[in-house]
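Chain and residue survey
Below, each chain spelled out in residue letters.
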Number of protein chains: 2
Amino acid sequence: MATADPARPGFHLPLLLLAGFRTLIDDLHAELAREGHPELRPLHGFVLQAVGADGTTASELGQKLGISKQAAGKTVDRLVAVGYLERADDPSDARRRLVRVTPRGADGLRRSAEIFDRLRARWADTLGPDRVTALEDDLGTMASANWFRLDMPGWFGG
Amino acid sequence: MATADPARPGFHLPLLLLAGFRTLIDDLHAELAREGHPELRPLHGFVLQAVGADGTTASELGQKLGISKQAAGKTVDRLVAVGYLERADDPSDARRRLVRVTPRGADGLRRSAEIFDRLRARWADTLGPDRVTALEDDLGTMASANWFRLDMPGWFGG
DNA sequence: CTATTTCGTCAACCACGTTGACTACCTTAC
DNA sequence: GTAAGGTAGTCAACGTGGTTGACGAAATAG
């Protein structure tokens, strides 16, 4: 493969990280689809996670995810449409529209966590538990600068 | 951060991989912009790389990147518009339109490789060269299935 | 010479992001 | 109590990156 050209070692690392991420994410969603959540898309897990048990609002969500409130609102729309989130009025502030995870959303979230645990175990089986931990430690050290920003336009569109 | 919740260790790994990738890619493009390539988007580097020194066609490119020929064609359009790729007729086959990297494209590619080397060196400075190598080895082992596919819809859209 | 395949493109569509403008509402200050 | 200002949510237009389906032109197979 061109990008794995040994003459350009610098290209290895980003591609490996991307491929590793993709492998995990693809496996997760294949399993999630098998377990009754075929509509759940890769971004959705992060969004559900960010909404959390206490609920939130579109603006807050946008801030948490590093995207605009409009983009967050649209994503909520989609997740509401497939039944993973619901909106409710905030009695204490008529401007706000509370966003909450539905039972179905909670189920998807729970299964995601379980599946990720199993996938991590598979990595541990292949590499050894210590190396997976070391990998996580090292990545944690290096990645701490850009933490948990999902605003895709940084690398893709927009 | 919610997704880094220690109670859900399974969420660590994918997020770390994503964050690591993002950090690298963001740093690359910040530096690339500084060096005279502000139009270069994260995907573009992979595409230029896939076009290669010998040139290719939209269909071939699509196959290499794991996307449709139409998507590949559109991406080529954009890269032609900003001067990184050019099209030429294939004298031996009137259906084909050769896609080639321009000198400007080659410059961007060369700089990308250099910058990635420097970024990798930074990782090596922080973690130690042996751990970076180990990280690459382990990721290579785990990620070997999904190599260099850019079809975002798998995780994002459509 | 005809049938099939392949290459490139067009058109419609979807997911995901952006900015700008606007309404409705809460809050603060006078 | 009202005017002013900030905040929440939505609408509209747009850009990027993907998808499928349809189609003409050119190469290839029979």
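Please refer to the structure higher up on the page.
This structure is a prediction, so every number in the text was calculated from the model and none was measured.

Section: the overall build of chain A
When helices and strands are counted, chain A shows six helices and two strands. Each helix (α) and strand (β) of chain A, taken in turn from the N terminus, gives the series α-α-α-α-β-β-α-α. Across the 158 residues of chain A, 49% fall into the buried class. Once local pairs closer than 6 in sequence are excluded, the contacts in chain A between residues at least 24 apart make up 50%. Carbon and sulfur atoms provide 52% of the accessible area of chain A, an area that totals close to 7300 Å².

Details of the protein's contact with DNA strand D
Lys69 and Arg97 of chain A together with Ser68, Gln70 and Lys74 of chain B are the nearest of the 27 residues found near DNA strand D. Near-protein atoms of DNA strand D (within 4 Å) split between backbone and bases, with sugar and phosphate holding 62%. Arg95 of chain A is positioned with one of its side-chain polar atoms (N or O) 3.0 Å from a base nitrogen of DNA strand D. A distance of 2.3 Å separates a base oxygen of DNA strand D from a polar side-chain atom of Lys74 of chain B. For the surface near DNA strand D, the elements supplying multiple residues, two or more each, are helix 3 (58-65) and helix 4 (69-81) of chain A together with helix 2 (42-51) and helix 4 (69-81) of chain B. Counting residues per element, the surface near DNA strand D draws most heavily on helix 4 of chain B, at five residues. By residue class, the composition of the surface near DNA strand D is seven nonpolar, nine polar and eleven charged.

Quick notes on the protein's contact with DNA strand C
Taken together, 26 residues surround DNA strand C, and among them Ser68, Gln70 and Lys74 of chain A together with Arg95 and Arg97 of chain B come closest. Within the side chain of Ser59 of chain B, a nitrogen or oxygen atom sits 3.1 Å from a phosphate oxygen of DNA strand C. A distance of 2.8 Å separates a base oxygen of DNA strand C from a polar atom in the side chain of Arg95 of chain B. Only helix 2 (42-51) and helix 4 of chain A together with helix 3 (58-65) and helix 4 of chain B provide two or more residues apiece to the surface near DNA strand C. Looking at the surface near DNA strand C, the element that brings in the most residues is helix 4 of chain A, giving five residues. Each residue belonging to the surface near DNA strand C can be placed in one class, and the counts come to seven nonpolar, nine polar and ten charged.

Examining the environment of Thr126 of chain B
Relative to the helices and strands, Thr126 of chain B resides in helix 5 (residues 103-127). Discounting chain neighbours no more than four positions away, the residues touching Thr126 of chain B are Thr141 and Met142 of chain A.

Brief notes about the nonpolar core
Membership of the largest hydrophobic core comes to 70 residues, with the highest contact counts inside it found for Leu17 and Trp123 of chain A together with Leu17 and Trp123 of chain B. Residues contacting Leu17 of chain A, with those up to four places away along its chain left out, are Leu139 of chain A together with Leu17, Gly20, Phe21, Leu24, Trp123 and Leu139 of chain B.

Details of the environment of Leu32 of chain A
Within the element layout of this structure, Leu32 of chain A appears in helix 1 (residues 12-34). When neighbours within four sequence positions are excluded, Leu32 of chain A is seen to be in contact with His37, Pro38, Leu40, Gly108, Arg111, Ser112 and Ile115 of chain A.

Some points on the pattern of salt bridges
All names here are of chain A. One pass over the structure, following the stated rule, counts 36 salt bridges over all chains. Among the ionic pairs, Arg87 bridges to Asp77, the shortest N-O distance being 2.0 Å. Here Asp77 lies in helix 4 and Arg87 lies in strand 1 (residues 85-89), a separation of ten residues in the sequence. When the shortest N-O distance is used, the salt bridge between Asp107 and Arg110 registers 2.5 Å. Here Asp107 pairs with Arg110, and both are found in helix 5 (residues 103-127), just three residues apart, close to one helical turn.

A word on helix 3 of chain A
Residues and elements named next belong to chain A. Along helix 3, the residues classified as buried are Ala58, Leu61, Gly62 and Leu65. Buried positions in helix 3, seen along its axis, are confined to an arc of 100° and lie on one side of it. Buried positions along helix 3 lie against helix 2, helix 4 and strand 2 (97-101). The positive-phi residue at the C-terminal boundary of helix 3 is Gly66, with phi of around 75°.

Criteria and cut-off values
- Residues numbered from 1 in each chain as written.
- Chains lettered and ligands numbered in written order.
- Predicted model: local features only at pLDDT ≥ 70, side-chain atom pairs only at ≥ 80, totals over all residues.
- Heavy atoms only, no water.
- Helix = DSSP H or I, 4+ residues; strand = E, 2+ residues; numbered from the N terminus.
- Buried < 20%, exposed > 50% of the residue type's maximum accessible area, 1.4 Å probe, protein only.
- Contact = heavy atoms within 4.5 Å.
- Areas by Shrake-Rupley, 256 points an atom, 1.4 Å probe, with all protein chains shown as cover.
- Near = heavy atom within 4 Å.
- Polar contact = N/O pair within 3.5 Å; in protein donor to acceptor, adjacent residues only side chain to side chain.
- Nonpolar A, V, L, I, M, F, W, Y, C, P; charged D, E, K, R; others polar.
- Core = buried A, V, L, I, M, F, W, Y, C linked by side-chain atoms within 4.5 Å.
- Salt bridge = Lys/Arg side-chain N within 4 Å of Asp/Glu carboxyl O.
- Arc of directions from axis to C-beta.

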